[in-house]
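Working through the structure, step by step
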Amino acid sequence: MASATLERPVATSKQDTPESANGARQQSGWKRPVGKLNGPRTQLEWHDGLIEQSSKLRAPDLRNHIASSVTDLVGWTPTVMLNKVTAGLPGRVAVKMECLNPFSSVKDRTALALIEDLERQGKLIPGGENQPLEMTSGNTGIGLAWVAAAKGYKLTCTMPSAYSDERKALLLALGTDLHLTDKLDGPAGMLARASELEEENPHLMMTRQFEAAANVRVHYQQTGPEIWSQSQGRVDFLVATAGTGGTITGAGTFLKEQKPGVEVVAVEPLEGAYWTTGCGGPHPVQGVSPGLDVPTLDRSLFDEVLTAPSAEAMQMCHRLAREEGMFVGPSSGLAIHGAIQLASRPENEGKLVVVIAPSFGERYLSSPPWAQFMEEARKLPTKLLTEEEKPKAMAVMQQFIDKTKPLPPLENIDVNAAAAVASNVADTSPLKSGE
Ligand SMILES: Cc1ncc(COP(=O)(O)O)c(C=O)c1O
């Protein structure tokens, strides 16, 4: 695939001052003391020698040519301003819509990167004997499943039986060999079963999203540069939740390298506030804040950690649906809650907060924040026509049919404009002329 050189916008320099970095906004959570980095550095050597590569991005021309494979549709997700939920706030918030990846989550990037990294190492070869294996309950599993299908592998997955039937069905539909473990055994059960399968079959290759350098690198090479390009270098804050931490670590590192004043702000659910309290806990925001330190997360990047009660994150999802027409998952509600906290601060007047919305809402229809609408939908009353009402209803229907006219001819079309669009076909199209 052709890659294009990304023009780097000129950085507007913004230096941290003690006031701007720590001052009045110590409302909630944890803030990095000025000039001192907290938290363990990631043990991964993932970004040596990548500076050059990161400035080269795939051309953002996906919408005007036919892609070669669904794997080519990963990344270059749009970023869009929030309008109503931020009305009147001093700061501005733009949302990076990771739900617009092929299988609706940021994990499509990670999954493709994990598989292609194993291919680069020669551990996976399309058509070869080795096949990918992952213990996962979430979007990474779904990402790996479709990438495996597209590339001709058979994914094996372990997953707790308590997870939703929709998720299980989606994985099975994509051809995954799915092994369920008891929910009471938690992640240990998933890992034990995965290790067992690995021992039984030496051709299974663990993709290891919590340890793989590729998980961080892909966000350094794609997500960060995309934000930099889309915001034309105006980004002041990067806000994200973290599960493996790949997104926030990779994108945050890239953005800080371009503009050291960019603040990286993590958001965690109050009930599982591991970074702010040192003590995690169960919470309903799927995919984030596992309550442990993992190699793919570099906490020293965090300038601040914000918290929000999970219930408020869920309410934020509802507001985004009704006020912005945005249908996102709970971790997006949590991250956007944090972004709005930042944009509300008077000292952030005119600042641009870019927040990652990791996934689409439809995957959570049977769980918070959307399950209540499924319940409501099931209970909606149904209007049944009575025998007396039926003749009138038929007459209304007939009138409707009688009034239906054929569509008018398509007039006033700007033929030149349509031709200009049609001729703007990228020469990266996989179709050869005459095909
Ligand atoms: C819904 C959702 N949000 C956020 C994340 C966090 O992404 P990362 O693992 O890159 O920190 C995940 C990760 O699985 C996720 O599934």
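Scroll up to find the structure this text is about.
Since the structure is predicted, the reported quantities are computational estimates derived from the model, not experimental observations. (Residues numbered from 1 in each chain as written. Predicted model: local features only at pLDDT ≥ 70, side-chain atom pairs only at ≥ 80, totals over all residues.)

The subject of this paragraph is the site of the ligand. Taken together, the neighbourhood of the ligand is formed by 19 residues, with Gly-243, Thr-247, Gly-287, Ser-331 and Pro-358 sitting nearest. Residue assignment for the shell around the ligand shows that the elements contributing at least two residues are α4 (139–151) and α8 (246–258). Among the residues making up the shell around the ligand, the classes are represented as four nonpolar, 14 polar and one charged. Looking at which domains feed residues into the shell around the ligand, each of domain 1 (3–44 + 77–99 + 226–371) and domain 2 (131–202) gives three or more. (Near = placed C-beta within 6 Å. Helix = DSSP H or I, 4+ residues; strand = E, 2+ residues; numbered from the N terminus. Nonpolar A, V, L, I, M, F, W, Y, C, P; charged D, E, K, R; others polar. Domains from an automatic or database assignment.)

Turning next to the packing of helix α3 (residues 107–120) against helix α7 (residues 213–230). It is the contact of α3 with α7, at a shortest axis distance of 9 Å, that shows an interaxial angle of 120°. Comparing their axes, α7 and α3 come out oblique. Where α3 crosses over α7, the two elements pack in a sense that is right-handed. Counting all contacts with α3, which are made through Arg-109, Thr-110, Ala-113, Leu-114 and Asp-117, the residues of α7 involved are Ala-214, Asn-215, Arg-217, Val-218, Gln-222 and Thr-223. The class makeup of the residues in the contact of α3 with α7 is four nonpolar, four polar and three charged. (Axes fitted to C-alpha atoms, helices over the stretch in contact; angles between N-to-C directions. Parallel < 35°, antiparallel > 145°, perpendicular 65-115°, else oblique. Left-handed = near helix turned anticlockwise from the far one by under 90°. Contact = placed C-beta atoms within 7 Å.)

Working note: regular strand, side chains alternate between the two faces of the sheet. Strand β12 (residues 304–308) sits mainly inside the fold: five of its five residues count as buried. Burial along β12 is two-sided: Glu-304, Leu-306 and Ala-308 and Val-305 and Thr-307, pointing in opposite directions, are all buried. Taken together, the five bridges between strand β11 (residues 263–269) and β12 define a ladder with parallel strand orientation. Its bridge partner lying in β12, Pro-269 is registered against Ala-308. (Buried ≥ 20, exposed ≤ 12 C-beta atoms within 10 Å, placed from the backbone. Pairing = 2+ DSSP bridges.)

Another point: the environment of Met-316. With respect to the element layout, Met-316 can be found in helix α10 (residues 310–324). Separated by 21 residues in sequence, Met-316 and His-337 have C-alpha atoms that sit 6.6 Å apart. The contact partners of Met-316, leaving out residues within four places of it in the chain, are Gly-333, Ile-336 and His-337.

As a further point, take the sheet that holds strand β9 (residues 204–206). Overall, parallel pairing links the four strands, which are arranged β8-β7-β6-β9 in an open sheet. Because the sheet does not close on itself, it has two edges, and the strands there are β8 (177–181) and β9. When strand polarity is set aside, the average angle formed by the axes of neighbouring strands in this sheet is 30°. Pairing geometry for strand β6 (residues 131–135) and strand β7 (residues 156–160), over three bridges, is parallel. Its bridge partner lying in β7, Glu-134 is registered against Cys-157. Docked against the sheet, helix α6 (residues 186–200) engages β6, β7, β8 and β9, running at close to 155° with respect to β7.

This part takes up the environment of Val-239. Assignment of secondary structure puts Val-239 in strand β10 (residues 237–240). C-beta crowding within 10 Å serves as the criterion here: with 29 such atoms nearby, Val-239 is assigned to the buried category. Spatially, the C-alpha atoms of Val-239 and Ala-339 are 6.2 Å apart, while their sequence positions differ by 100 residues. Once residues lying within four places of it in the same chain are set aside, the contact partners of Val-239 are Val-265, Val-267, Ala-335, Gly-338, Ala-339, Leu-342, Val-353 and Val-355.

Any functional reading would require information beyond the geometric quantities listed.
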